[in-house]
Amino acid sequence: LLYEKAEIHPFYLIKTIQESFIASLFDNSLTIASSHINKAISKILDDNNAYFETIWQQINSKKYKGAILKSIINRNLTIQISSSYKSQLLKELKSGAVIDNSLNFTDPFFKLWMIKKIL
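In what follows, the accompanying structure is described. (Residues numbered from 1 in each chain as written. Predicted model: local features only at pLDDT ≥ 70, side-chain atom pairs only at ≥ 80, totals over all residues. Heavy atoms only, no water.)

**A few points about the nonpolar core**
At step 1: Within the largest apolar cluster, 29 residues are counted, with the highest numbers of intra-cluster contacts made by F52, I59, I68, L69, F109, F110 and M114.
At step 2: Of all elements in the fold, only α1 (2-6), α2 (10-26), α3 (34-47), α4 (49-60), α5 (65-73), α6 (83-95) and α7 (108-117) reach the threshold of two or more residues within this core.
At step 3: In terms of residues, this core owes the most to one element, α7, which gives five residues.
At step 4: In this structure, F52 is in contact with Y12, L45, D107, F109, F110 and W113, ignoring residues within four places of it in sequence. (Core = buried A, V, L, I, M, F, W, Y, C linked by side-chain atoms within 4.5 Å. Buried < 20%, exposed > 50% of the residue type's maximum accessible area, 1.4 Å probe, protein only. Helix = DSSP H or I, 4+ residues; strand = E, 2+ residues; numbered from the N terminus. Contact = heavy atoms within 4.5 Å.)

As structure tokens, this is what we get:
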């Protein structure tokens, strides 16, 4: 669960471990359970909500750019816009470091935030 959600992103991996450990301490648990990891992820998403909202507003300010990002999450890039405009928007998302060349999110927790708040 931890590796799946943090996608081996160094910052989020460490932050999730820290928050999971704290959650386990509050529960007087000797081990970190998946419930502690889920609490940690929720806390990190909540702590970064304003940051993620700002990113989303910047992305969504351009017509269809937010729709393309949603379609990447849904693994369905069949948006009814010209292929040249779609290509331009994908290039902008890549140059803005939102996605990489393989159309994967560079920030796995921004993706989790989108799934939780936007989709």
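**Re the packing of α4 against α5**
At step 1: Two elements in contact, α4 and α5, have axes whose closest approach is 7 Å; the angle formed by their N-to-C orientations is 115 degrees. Touching W56, I59 and N60 of α4 are K65, G66, L69 and K70, all from α5.
At step 2: Taken together, the residues of the contact of α4 with α5 break down into three nonpolar, two polar and two charged. (Axes fitted to C-alpha atoms, helices over the stretch in contact; angles between N-to-C directions. Nonpolar A, V, L, I, M, F, W, Y, C, P; charged D, E, K, R; others polar.)

**Observations concerning the packing of aromatic side chains**
At step 1: Per the counting criterion, the structure on display carries eight aromatic pairs.
At step 2: Pairing F52 with F110 gives two aromatic rings, centres 5.8 Å apart and planes at 40 degrees, and the pair type is tilted. With a gap of 58 residues between them, F52 in helix α4 and F110 in helix α7 connect regions that are remote in the sequence. Both residues of the pair, F52 and F110, belong to the buried class.
At step 3: One aromatic cluster is present, built from ring pairs that chain together Y51, F52, F105, F110 and W113. (Phe/Tyr/Trp six-rings, centres within 6.5 Å; stacked < 30°, edge-to-face > 60°.)

**Some thoughts on α7**
At step 1: Those residues of α7 not exposed but buried are P108, F109, F110, L112, W113 and M114.
At step 2: As for α7, its buried residues are in contact with α1, α2, α3, α4 and α5.
At step 3: If you check the start of α7, you find a side-chain oxygen 3.0 Å away from the backbone N of F109, and it comes from D107. (Polar contact = N/O pair within 3.5 Å; in protein donor to acceptor, adjacent residues only side chain to side chain.)

**A word on the environment of F52**
At step 1: What makes F52 buried here is its relative accessible area of 0%.
At step 2: Separated by 57 residues in sequence, F52 and F109 place their C-alpha atoms 8.9 Å apart.

**Quick word on the side chain of N49**
At step 1: Within the fold, N49 resides in helix α4.
At step 2: Here the side chain of N49 touches W113 through a polar contact of 2.6 Å, side chain to side chain.
At step 3: Once you skip the residues sitting within four places of it in the chain, N49 turns out to touch W113 and K117.

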